[in-house]
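Architecture and fold: a report
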Amino acid sequence: MDFSLSPEQRALREEVIAFARSELGRNVADGDREARFPVGDWRRCAEFGVLGWPVPVEYGGQGLDPLTTIVALEALGYGCRDNGLVFAIGNHLWGCAVYLLEHGTEEQKARFLKPMCDGALIGAHALSEPEAGSDVLGMRTTAVRDGDHYVLRGEKWFVSNGPEADVFVVLARTGPPGRAQDALSAFLVTADLPGVDRSRRFGKLGLRTTPMGAVRFDEARVPASCLLGREGSGYSLFGGTIEWERAFMFAPHVGAMERLLETSVEYASGRDQFGRPIGSFQAVAHRIADVKIRLELARLILYRVGWLKARGRMALLDATIAKVFISESLVEAAATAVEVHGARGYLTDWGLERELRDALGGPIYAGTSAVQRGVLAELLGLRGAVSGAGGG
Ligand SMILES: Cc1cc2nc3c(=O)[nH]c(=O)nc-3n(C[C@H](O)[C@H](O)[C@H](O)COP(=O)(O)OP(=O)(O)OC[C@H]3O[C@@H](n4cnc5c(N)ncnc54)[C@H](O)[C@@H]3O)c2cc1C
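Reading the values: the criteria
Residues numbered from 1 in each chain as written. Predicted model: local features only at pLDDT ≥ 70, side-chain atom pairs only at ≥ 80, totals over all residues. Heavy atoms only, no water. Buried < 20%, exposed > 50% of the residue type's maximum accessible area, 1.4 Å probe, protein only. Helix = DSSP H or I, 4+ residues; strand = E, 2+ residues; numbered from the N terminus. Pairing = 2+ DSSP bridges. Core = buried A, V, L, I, M, F, W, Y, C linked by side-chain atoms within 4.5 Å. Contact = heavy atoms within 4.5 Å. Near = heavy atom within 4 Å. Polar contact = N/O pair within 3.5 Å; in protein donor to acceptor, adjacent residues only side chain to side chain. Areas by Shrake-Rupley, 256 points an atom, 1.4 Å probe, with all protein chains shown as cover. UniProt positions renumbered as here; feature names shortened; annotations may be inferred. Salt bridge = Lys/Arg side-chain N within 4 Å of Asp/Glu carboxyl O. Domains from an automatic or database assignment. Buried area = accessible area lost by both parts, 1.4 Å probe. Patch = residues over 30% accessible without salt bridge, like charges linked within 9 Å, V, L, I, M, F, W, Y side chains within 5 Å.

With that settled, the discussion passes to the pairing of strand 5 (residues 184-190). Burial runs high along strand 5: seven of the seven residues are buried. As judged from the seven bridges shared by strand 4 (residues 167-173) and strand 5, these two strands associate in the antiparallel manner. From the neighbouring strand, F168 faces strand 5, where its bridge partner is V189.

This is the structure in structure tokens:
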């Protein structure tokens, strides 16, 4: 095993960090307070190539291999303090573009991928519903074939990027009600279609610069050419792409953890109480050391998923472990940073309370920690806990 980065990967990492520090997240405190999507930063990311990192060059992307994509995303999370912007990018890439890459026809790829890499189209993933969160197979949105169209009826909730998105990957029921896995299909639905309403916004605790909302389908007529894969394959498409989402969406978290760790070390070294740096107290030092342990283990499992995907191998087990461990570790890193900074950590001016609010979403989205543990238990042969479960 070789864990070292190539000279090219190291150079890319430095370049991304420099870009993210100087160009992104400059107004993150205001953006967070006003729950404002940073359109200018999104455009800068598009110009820098971020929105096309994993997309092959022939479709307008940068064509980075999976491991290099992870290195770049980790650097983005480290350099950019606007976790909401980074999360919006994650949804665009791993909730939408990856479906096209893995299952799109040449026509679909040609139509959507280039403008998604350019930043002209914003992508989103519309899976969850008011009555069907973890229980994906319980979804009620229907798509009924009518000539060369499908008619969509229903409502999706919690759709990240939703209120700003131009194209959604939507999972809907094309088969009878019930728990059959072949009853779902995936569609590419554009926001400009009559009957698609994405105007309802949700306010939320963290990641406030990522817009989130509901998407309603009121007899929306979606051309049959926008079906992804074949009719009835939606759940299996979701199962395949979720491997990417569970790991690659969380690559920036590893970078954010490193940033928070450095902040904690710096503060604990410079803040004196009782005549000595607080970092010399074992209680403080050990809390910080635990973050370092988590950071290194998080990186290892993440790189392992990248290594597996680079070889075209299945990574469900490792991606599920990565999702749980990295998301929970980021919460620990942010809570530690707040605690180490005392009252300053609690003040909005220092930005650490925002980091903690942002981190708290990770164990919920892309399938909750509890559901992921159920998935792991099933992969170990313990039957029954979460079949049909997921989460967007
Ligand atoms: C910041 C954020 C962004 C999101 N972005 C998107 C998006 O872009 N697109 C999208 O479609 N969705 C999105 N979601 C929704 C997310 O996928 C769901 O919140 C998640 O799947 C859980 O569904 P739920 O909220 O309905 O909770 P529920 O499924 O109702 O679960 C509630 C609680 O019960 C527990 N639970 C449920 N079933 C089980 C079980 N079988 N075993 C053990 N515990 C269980 C859960 O762990 C949780 O603690 C986002 C959510 C958040 C917080």
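With that out of the way, let us pick up unusual backbone geometry. The phi dihedral of N161 falls on the positive side, at around 75 degrees, and the residue is not glycine. Within the secondary structure, N161 is located in the loop between strand 3 (149-160) and strand 4.

The nonpolar side chains of a soluble globular protein tend to be buried with one another. Within the largest apolar cluster, 118 residues are counted, with the highest numbers of intra-cluster contacts made by L76, I89, L152, F168, L171 and V189. At twelve residues, the largest contribution of residues to this core is made by helix 5 (residues 83-103). Filtering out sequence-adjacent residues up to four positions away, L171 remains in contact with Y99, H125, A126, L127, M139, K156, L184, S185, A186, G234, Y235 and F238.

To continue, consider the side chain of R299. Relative to the helices and strands, R299 resides in helix 9 (residues 282-310). R299 sits in the buried class, given a relative accessible area of 14%. In contact with R299, other than residues within four places in its own chain, are E74, V254 and E258.

A word on the site of the ligand. Around the ligand lies a shell of 19 residues, among which S128, S134, F158, T368 and G392 are the nearest. Note that a nitrogen atom of the ligand is positioned 2.7 Å from one of the side-chain N or O atoms of S128. Contact with the protein chains removes 67% of the 970 Å² of surface that the ligand exposes when unbound. Looking at the shell around the ligand, the elements with two or more residues in it are helix 5 and strand 3. If one sorts the elements of the shell around the ligand by residue count, strand 3 sits on top with three residues.

Time to look at the UniProt feature "domain: Acyl-CoA dehydrogenase/oxidase N-terminal" (unreviewed entry) in the chain. The sites that carry the UniProt feature "domain: Acyl-CoA dehydrogenase/oxidase N-terminal" (unreviewed entry) are, in the present numbering, residues 6-119. The span residues 6-119 is 72% helical and 0% strand by assignment, and the distance between its end C-alpha atoms comes to 29 Å.

Glancing now at the pattern of salt bridges. Within this structure, the stated rule accounts for 25 salt bridges. Put simply, E23 and R26 hold a salt bridge, and the shortest N to O gap is 4.0 Å. Residue E23 is classed as partly exposed on the basis of its relative accessible area of 29%. Owing to a relative accessible area of 52%, R26 belongs among the exposed residues under this scheme. For R357, the salt bridge identified is with E353, shortest N-O distance 2.9 Å. Placement of the pair is R357 and E353 together in helix 12 (residues 352-359), with a separation of four residues, close to one helical turn. Looking at R357, the relative accessible area reads 18%, which means it is buried. The structure contains a network of salt bridges with shared partners spanning R13, E74, E258, K292, E296 and R299.

All right, on to the UniProt feature "domain: Acyl-CoA oxidase/dehydrogenase middle" (unreviewed entry) in the chain then. Taking the numbering used here, the UniProt-annotated feature "domain: Acyl-CoA oxidase/dehydrogenase middle" (unreviewed entry) corresponds to residues 124-219. Annotated as 0% helix and 46% strand, the span residues 124-219 places its first and last C-alpha atoms 20 Å apart.

This next bit is on the domain arrangement of the chain. Interfaces are often described in size by the accessible area the parts lose on coming together. Annotation of the chain at the domain level lists domain 1 (7-122), domain 2 (125-232) and domain 3 (237-379). On a C-alpha basis, the centres of domain 1 and domain 3 stand 20 Å from each other. Between domain 1 and domain 3, the contact holds 25 residues from the first and 27 residues from the second. When domain 1 packs against domain 3, close to 2500 Å² is buried across both sides, 65% of that on carbon and sulfur atoms.

A cluster of nonpolar side chains, contributed by M1, F3, I293, L297 and L300, occupies part of the molecular surface with about 600 Å² of accessible area. Relative to the helices and strands, I293 resides in helix 9. Assessed through its relative accessible area of 48%, I293 is described here as partly exposed.

Turning our eyes to something else, we now look at the pairing of strand 4. Counting buried positions along strand 4 yields seven of seven residues, so the element is predominantly enclosed. Pairing of strand 1 (residues 123-126) with strand 4, which is carried by four bridges, proceeds in the parallel orientation. Residue pairing across strands places A124 opposite F168, the latter belonging to strand 4.

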